[in-house]
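Below are the chains, spelled out letter by letter.
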Amino acid sequence: MHLPQPRGPSSTAVVEHLRQPSPGSDAQLRTVGLERSPGITNDEDRLLALWVLQGLNYHGYSGVDPEIEWDLAVVQARTQLEAELEEELLAAFTPVVEELLPEARRDLTGTLFSLPDRVAASAPSMSAWARSSMTAEQWREMLVLRSASQLKEADPHTFAVPRIPGRAKVALMEIQFDEYGSGDPSALHSELFAQAMTAVGLDHSYGGYADTWPAPVLLSNVTLGWFAGRSRWAPAVVGHLTMVEMTSSLPSKFYVAGARRLGLPEEAWRYFDEHVEADAAHEQVAVRDVCGALVADDPDTLPTLLVGAVAGLHVEGLVAELVMGAWEQGRSALRIPLHPWVAA
Amino acid sequence: MRGDRVPVATPLPTELLRLTECEDGPVLVRGARVVVDAQGVTHPVTRPVVALCRCGASQRLPWCDGVHKRLGKRETSTG
Ligand code: FES
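Residues numbered from 1 in each chain as written. Chains lettered and ligands numbered in written order. Predicted model: local features only at pLDDT ≥ 70, side-chain atom pairs only at ≥ 80, totals over all residues. Heavy atoms only, no water.

(A) Geometry of unusual backbone geometry. Residue P62 of chain B follows L61 of chain B across a cis peptide bond; omega there is 10°. By the element assignment, P62 of chain B lies in the loop between β5 (49-52) and α1 (68-78). Residue S182 of chain A is not a glycine yet carries a positive backbone phi of 50°. Considering the arrangement of structural elements, one finds S182 of chain A in the loop between α9 (166-179) and α10 (189-199). (Helix = DSSP H or I, 4+ residues; strand = E, 2+ residues; numbered from the N terminus.)

This is the structure we're talking about:
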């Protein structure tokens, strides 16, 4: 993919260093690493800088030397930005996790199943809107917003596989195998998502719309990227995955209903249709087998697992708040509106 | 009323199946190639693990579509 447009000094320093590394750009990038600014979770410049840096681990950028992934200034900047993120997220979520812990120790399954309603209860529902009121243009915006995660669906969670022990690993692979198409490349979930984008006239190359993503989309993406990049946070990846699975089956059904109401072609909604059944199974496997085995084998993983679960729900709630706020006022939820769709 | 919509038949050979009953939810089935629903209709299994609806409220029978969660809530809140 192409490097996105910078949004301020930090992302400028990152993009310029990747585009043309030099002693000068190196020095510039080191200042990004060292400059602490409170409020990274609202700072789209620093979030974009981190998103670009994490992207070196996933997909790289056209015209950028892949070796730069381990460039010292790059690693230092990423580490520093992630330290800021960690500090802010943990300050927000540690009290919530502390409160949940006694209950989760008694009844892990029940606690996890109750989390979406408790943590994200106030977040507006994009899927309910899809079913009742979403326009075709909003449908396209929704795909563009979700493309940050869904075009690399399952990949960040797969980073947890080598980092968790046997029983949990096996159960996680059971889910991931299904995410990756159960042996059928045409059933790869990221591929189904790409088809959904193409069906409504969108570019499905990863990051093709990065310039349009608002801060909460970047926050959601880099939060998972931060967990996924570190062995220590593997239980958080598992907690995050569990919440993704748990908040997918019923909403997917609403998206299918919305697409049908809008008369969209089947390719536009097959992705969601697939997730109704798939995730009804995955959520059970995630809660009982992945989380259950992980915590049973090592009870000390529980707080980290809960941080991942709560953080995931929280950042997705921020995305929904921003998007629904815009749509209810008849505005675009994107930083740069899309070209209107001319249906074939 | 609900009970008669729930899939009852599982494919052979049953000794290769692994069944996990999820409390207030579906039964997870591993190792099945097909699932035969209550009407005798055969459904191919394409995933390593599938969730069969036990509450009867799914709109995707024989598969669970997650709607049992709503059901559970309604029942507990009313009684
Ligand atoms: S068990 Fe019936 S919908 Fe899940």
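Text resumes after the structure shown.
(B) Up close: the pairing of strand β2 (residues 27-30) of chain B. All names here are of chain B. Of the two faces of β2, both are covered, the one formed by V27 and V29 as well as the one formed by L28 and R30. As paired elements, strand β1 (residues 18-21) and β2 share four bridges and run antiparallel to each other. Paired with R18 across the bridge in β2 is R30. Where β1 folds back on β2, the antiparallel hairpin that results is connected by five residues, among which D24 adopts a positive phi of roughly 55°. (Buried < 20%, exposed > 50% of the residue type's maximum accessible area, 1.4 Å probe, protein only. Pairing = 2+ DSSP bridges.)

(C) Region of the structure containing the packing of aromatic side chains. Residue and element names in this part refer to chain A. Counted under the stated rule, the structure contains 12 aromatic pairs over all chains. Each ring, one from W139 and one from F272, has its centre 5.4 Å from the other, and the planes form 65°; the classification is edge-to-face. Highlighted residues: W139 in helix α7 (residues 136-150) and F272 in helix α14 (residues 266-297), separated in sequence by 133 residues. Classification of W139 by relative accessible area gives buried; the value is 0%. A centroid spacing of 4.8 Å and a plane angle of 35° characterise the contact between Y255 and F272, whose relative ring orientation is tilted. Note that Y255 is positioned in helix α13 (residues 249-261) and F272 in helix α14, a separation of 17 residues in sequence. On the basis of relative accessible area, Y255 is assigned to the buried category, the value being 5%. (Phe/Tyr/Trp six-rings, centres within 6.5 Å; stacked < 30°, edge-to-face > 60°.)

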